[in-house]
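# Analysis of the macromolecular model
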Amino acid sequence: MDRNLNELTDEELILEFQKSGNEKAFEILVLRFKNPLTNYVYRFLGDYDACVDVVQDAFVKVYRYKDNYSSLAKFSTWIYTIAGNLARTEYQRRRKRNFFSISKFGEEDKSFDIPDNSTRPDVLADASMKNEIIQKALLKVRDSYREAVILRDVQEMSYEEIAEIMQIEVGTVKSRINRGRAELQKYLKDIYFD
Amino acid sequence: MNEDKTNKKLIDDLKNLTKVDAPKNFETELWRKINSSEETKKVSFWEKIFTPGKIAPAAIALASAVIIFFVVDITPEQMEDPLTIEPRLREDFNVVAATYNIPVEKEKKSIQQKNIVVEHPEKVLSLEKGEAQPLTNSQSDDIKTDKKMLDNEKPVINEVANDQNISDSFESEQTLSLGGTVAPSPKAASSSQISKSNLNFMQRNLSTEEKVEVQQLKMKVTTQKSAKTEENQTKSTQK
């Protein structure tokens, strides 16, 4: 039975979970998507603990609202949309919190670049300096551009999939990716133009 | 070309970024979250509302609101804007207003008339009969209205006349106390403030006959005075 479930596609698994409430099917889906989703949300938020929470929340939503899934859409698109929305909300919440906590002590009109000290030590050990610089540059890119760039260049998704996840036109996806890359190049000019 | 190269480099770097994996205890934490969320899900919104601890105070508040609504009668009279209500009529206020509305000139005329009646009743009679002077239409109308005023406003005029008498008597008392030699000075009245019309004495327009009479009397007085002075002079010279 377990072997059979492992052979099922994502869509078949969620349908199985919908119909019979088989938690094993859900567990297989978690196993398949936990790492790519963690990677995607981490690149977007830049905070590992927050990213794990967001991914777990996304799975909780899938578990609770499994009946909202329609077989017309791809499961990956559905779960990425949920995770993306949660990540965006979390990012905005954190940005507001950081802004207010700093503006209390500093000058009112001045904004600050918050250094990212939340990078995991084991990740830091493995990653090169370049990776760290790219991650910091990614966080400086505008939210909508960053999401598109991560989905395309990090997660290696198609334009159509990104358009579905972000619920925008394919043309808009392309322009956002280009603008995001341009912004990223601007922030990384020390690496690429030296 | 250079831009494409850097773009390619960037894309490659993004692809080769180290993959971040979920922690080992991801599933256990996830199940804990799912179970806790299910527990909270079981208590629905309506179940939360309809607990006896919340229903009792809500029912009491509702009942008291209904009682207040039916017992406390908010009549439209109470709700009426007090600024729009007309003030109640006061009789005493009206009387005062009537006395204030009396025109000053007419009041004076009426007082003069009264004085004429008191001092020269025969002249008033002649005035009324029109013997002394032929009156114009407007003058006769004035007299008529004055008569009416006199009839209607007798009490008021009496009051004014009494006041005048009091002031007159006071003045005379003062003069007596001063031996009749010095007249009392008016109360802080400058010459500019005093006009003939405001003075408290009888004003009369003399007819030509009366003027002739006055002239004759004056002549008599002056001749008597001159005669007296002449007599005095002759006496002094004789002495």
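What counts as what
- Residues numbered from 1 in each chain as written.
- Chains lettered and ligands numbered in written order.
- Predicted model: local features only at pLDDT ≥ 70, side-chain atom pairs only at ≥ 80, totals over all residues.
- Heavy atoms only, no water.
- Helix = DSSP H or I, 4+ residues; strand = E, 2+ residues; numbered from the N terminus.
- Buried < 20%, exposed > 50% of the residue type's maximum accessible area, 1.4 Å probe, protein only.
- Contact = heavy atoms within 4.5 Å.
- Axes fitted to C-alpha atoms, helices over the stretch in contact; angles between N-to-C directions.
- Left-handed = near helix turned anticlockwise from the far one by under 90°.
- Nonpolar A, V, L, I, M, F, W, Y, C, P; charged D, E, K, R; others polar.
- Salt bridge = Lys/Arg side-chain N within 4 Å of Asp/Glu carboxyl O.
- Buried area = accessible area lost by both parts, 1.4 Å probe.
- Polar contact = N/O pair within 3.5 Å; in protein donor to acceptor, adjacent residues only side chain to side chain.
- Core = buried A, V, L, I, M, F, W, Y, C linked by side-chain atoms within 4.5 Å.
- Domains from an automatic or database assignment.

A count of helical and extended segments in chain A gives eleven helices and zero strands. Each helix (α) and strand (β) of chain A, taken in turn from the N terminus, gives the series α-α-α-α-α-α-α-α-α-α-α. Burial status across chain A gives 47% buried among its 194 residues. In chain A, the share of contacts with a sequence separation of at least 24, taken over all contacts with a separation of at least 6, comes to 63%.

The next point concerns the packing of helix 3 (residues 23–45) of chain A against helix 4 (residues 48–64) of chain A. Residues and elements named next belong to chain A. Where helix 3 meets helix 4, the axes come as close as 9 Å, and the angle between the chain directions of the two elements is 145°. Relative to helix 4, helix 3 is oriented so that their crossing is right-handed. Note on element contacts: helix 4 touches helix 3 through Tyr-48, Ala-50, Cys-51, Val-54, Val-55, Phe-59, Val-62 and Tyr-63, opposite Glu-23, Phe-26, Leu-29, Val-30, Phe-33, Lys-34, Leu-37, Thr-38, Val-41, Tyr-42 and Leu-45. Residues of the contact of helix 3 with helix 4, tallied by class, amount to 16 nonpolar, one polar and two charged.

Residues and elements named next belong to chain A. Across all of its chains, the model carries 14 salt bridges over all chains by this definition. We note a salt bridge from Lys-74 to Glu-161, for which the minimum N-O separation is 2.8 Å. Of this pair, Lys-74 sits in the loop between helix 4 and helix 5 (75–103) while Glu-161 is found in helix 9 (residues 159–166), placing the two residues 87 residues apart along the sequence. Between Arg-88 and Glu-147 there is a salt bridge, with the nearest N and O atoms lying 2.9 Å from each other. Of this pair, Arg-88 sits in helix 5 while Glu-147 is found in helix 8 (residues 143–154), placing the two residues 59 residues apart along the sequence. By relative accessible area, which is 25% here, Arg-88 ends up partly exposed. On the basis of relative accessible area, Glu-147 is assigned to the buried category, the value being 2%. One salt-bridge network, held together by shared partners, links Asp-47, Glu-90, Arg-93 and Arg-94.

On the side of chain B, 26 residues touch chain A, which itself brings 36 residues to the contact. Buried surface at the junction of chain A and chain B, both sides included, amounts to about 3200 Å², of which 62% is carbon and sulfur. The three residues of chain A that bury the most area against chain B are Gln-56, Arg-64 and Tyr-192 of chain A, which together make up 19% of that side's buried surface. The salt bridge partner of Lys-34 of chain A is Glu-27 of chain B, with a shortest N-O separation of 3.0 Å. For the pair chain A and chain B, the interface holds twelve residue pairs in polar contact (both at pLDDT 80 or more). Among the secondary structure elements, those contributing two or more residues to the side of chain A that touches chain B are helix 3, helix 4, helix 7 (129–140), helix 8 and helix 10 (170–187) of chain A. Here the element with the most residues in the side of chain A that touches chain B is helix 3 of chain A; it accounts for eleven residues. Looking at side-chain class alone, the side of chain A that touches chain B contains 19 nonpolar, six polar and eleven charged residues.

Counting residues in hydrophobic clusters, the biggest one holds 66 residues, and the most contacted among them are Phe-26, Val-41, Phe-59, Phe-75, Tyr-80 and Leu-184 of chain A together with Leu-14 of chain B. For this core, the element with the highest residue contribution is helix 3 of chain A, accounting for twelve residues. When residues are assigned to domains, this core turns out to be shared by domain 1 (1–108) and domain 2 (113–194) of chain A, each giving three or more. When residues no more than four places from it in sequence are discounted, the contact partners of Leu-14 of chain B are Ile-134, Leu-138, Val-149, Asp-153, Val-154 and Leu-184 of chain A.

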